[in-house]
Amino acid sequence: MELSESIRHANGRQRKPVVVTTDMSDREPKMSDQETVDEEEALIRSSDSEDGHPRVRNGIRGELGNVSLLLFLYILQGIPLGLAGSIPLIMQSKNVSYRDQAYFSFVFWPFSLKLLWAPLVDSLYVQQFGRRKSWLVPTQYMLGLFMLGLSFTVDSLLDANGSRGPDVVTLTSVFFMLAFLAATQDIAVDGWALTMLSRENVGYASTCNSVGQTAGYFLGNVLFLALESADFCNKYLRFEPQEQGIVTLSDFLFFWGIVFMVSTTLVAIIKKENSKQQHSKRRPKEETQGVLETYKLLFSIIKMPAVFTFCCLLLTSKILHNGVLIALKLLIGLEYALLVWWTPSVKHDEGFPVYYYAVVLLSYAVHQVALYSMYVACMAFHAKVSDPVIGGTYMTLLNTVTNLGGNWPSTLALWLVDPLTSKECRGAASQTCGSVEEAGLCVKEGGACFTTLDGYYVESMVCVVIGLCWWLFLGKKMKRLQEEGSSAWHCRICK
């Protein structure tokens, strides 16, 4: 069995394109190396032929249709991710608390957890319909239906009703399902890309993934927020100012819901999978065993002492390998806290001065350099220690744990901002601002709540201290893991 899944980080998103899982149980113990090579070459010839005739290799020109379809499917995948990323900004404009934003941050977890159900998507399918289309078509139909249904209710979910505000729980549940479906679609498309494209062009699949998801995220986030903003539209796109932007969230959801439904129908009817290998009599049995075998394989990997220790370290910090980057990342955390503290003092009636934007852009650039340098180092170490016999499953497990190590601190940090923030009520005697209800009473009595200590600054200092302690005490353990031989990382599978 083969699974495909990988990991990318961009713009605060977590995406996992790649994955390969192998089924070891059906391999004959007495099969010679030459027999194995002959069998692999036979599969290659079979996959690169149509109706028994060798496939003519015309380069990418002969597969522009398949590449375009993959690119389009990945663009569709990025739309719900972009929308999910735009909702916190909309909620923040409606004075939603950081605790509610912490609830909503669970929306971004499915792409970090999809390894849990990826073996099922890869192995269970309707043979007559197609291995990948069996999941792709119903998943995209559900995405379209969710968007269409949400387009009629999202305004009421976001509109504030008195002091209650937006319905964060319902919004989180709906967008979590959208992200879950998008992650499932990602698994199906990743797997389909391996058979849709010929072996000489399969490298374009990762390009389609990266470009498509980024483009979809841009459409669902940046473009939507720009067109939804009345200020942006009135300033740059209109001659006469209006109260609303060019599009609303409900209009945007309805449009893409229709696009999902129509495009999925066309894919289901017109596009045929290359099912040459799927009609093999042996294939269904291998796939049924592959599901259990994959989960057993993951468990056997985690039980290894080196891997278990490494996973614990990944869950507590994304800092790896390079002391210079650790120090730089910690300093950047402090620099961002100072930047937030400095921002109100440089704001004028006309806006911010040019040098402020220069400082922000420079800070962001340095942060991105440190972030992606650490990411590359992390992926390189994963590739170095992964057992080559089961490299796909091994890599996917480590990448999933890495993403979880980045998700839970973000959720916890948002959750703790409000409890760590100190406010006082001025203008109303014997009133406090410790909760939303108390703040409402303060305002009702003619007072106003003022922040005396922002929880963001408290968290920034605490996180820097934790980072330094992690570096000083757990960094040595990480270095010892780097010095472990390959035998400490290789998995011994019991047949």
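The model shown is predicted, which means the values in this text are computed figures rather than measured ones.

Tallying secondary structure elements over the protein chain gives 18 helices and six strands in all. Considering the protein chain as a whole, with its 495 residues, one finds that 44% of them fall into the buried category. Put simply, 76% of the contacts in the protein chain that link residues at least 6 apart link residues at least 24 apart.

A few words now on the nonpolar core. Within the largest apolar cluster, 32 residues are counted, with the highest numbers of intra-cluster contacts made by Leu83, Met91, Met147, Leu150, Phe175, Phe224 and Leu249. Discounting chain neighbours no more than four positions away, the residues touching Leu83 are Met147, Phe175, Gly220, Phe224, Leu249, Phe252 and Leu253. Core analysis: the second largest hydrophobic core is formed by 24 residues, Tyr74, Leu136, Ile187 and Val267 among them.

Turning our attention to the side chain of Asn66. Here Asn66 shows up in helix H2 (residues 64–93). Here the side chain of Asn66 touches Met196 through a polar contact of 3.2 Å, landing on its backbone oxygen. Each residue touching Asn66, except ones within four places of it in the same chain, is listed here: Met196, Leu197 and Lys271.

The next thing to look at is the packing of H2 against helix H8 (residues 168–196). The geometry of H2 relative to H8 is characterised by a closest axis approach of 10 Å and an angle of 160° between their N-to-C directions. The orientation of H2 relative to H8 falls into the category roughly antiparallel. When you trace H2 past H8, the crossing you get is left-handed. Taken together, the residues of H8 that come into contact with H2 (itself represented by Asn66, Leu69, Leu70, Leu73, Tyr74, Gln77, Pro80, Leu83, Ala84, Ile87 and Met91) are Val168, Leu171, Phe175, Leu178, Ala182, Gln185, Asp186, Val189, Asp190, Trp192, Ala193 and Met196. Within the contact of H2 with H8, the residues separate by chemical class into 18 nonpolar, three polar and two charged.

With that settled, the discussion passes to the confidence of the model for the protein chain. Scored by pLDDT, the protein chain comes out at a mean of 77, with 79% of its residues at no less than 70. Within the protein chain, helix H11 (residues 249–270) carries the highest mean pLDDT (95), whereas strand S1 (residues 8–10) carries the lowest (41). Across residues 39–52, where pLDDT falls below 50, the model places 18 contacts with residues more than four positions away in sequence or in other chains. A low-confidence stretch, residues 319–325 (pLDDT under 50), is modelled with 15 contacts involving residues beyond four sequence positions or located in other chains.

About the thresholds
Residues numbered from 1 in each chain as written. Predicted model: local features only at pLDDT ≥ 70, side-chain atom pairs only at ≥ 80, totals over all residues. Heavy atoms only, no water. Helix = DSSP H or I, 4+ residues; strand = E, 2+ residues; numbered from the N terminus. Buried < 20%, exposed > 50% of the residue type's maximum accessible area, 1.4 Å probe, protein only. Contact = heavy atoms within 4.5 Å. Core = buried A, V, L, I, M, F, W, Y, C linked by side-chain atoms within 4.5 Å. Polar contact = N/O pair within 3.5 Å; in protein donor to acceptor, adjacent residues only side chain to side chain. Axes fitted to C-alpha atoms, helices over the stretch in contact; angles between N-to-C directions. Parallel < 35°, antiparallel > 145°, perpendicular 65-115°, else oblique. Left-handed = near helix turned anticlockwise from the far one by under 90°. Nonpolar A, V, L, I, M, F, W, Y, C, P; charged D, E, K, R; others polar. pLDDT = per-residue confidence, 0-100.

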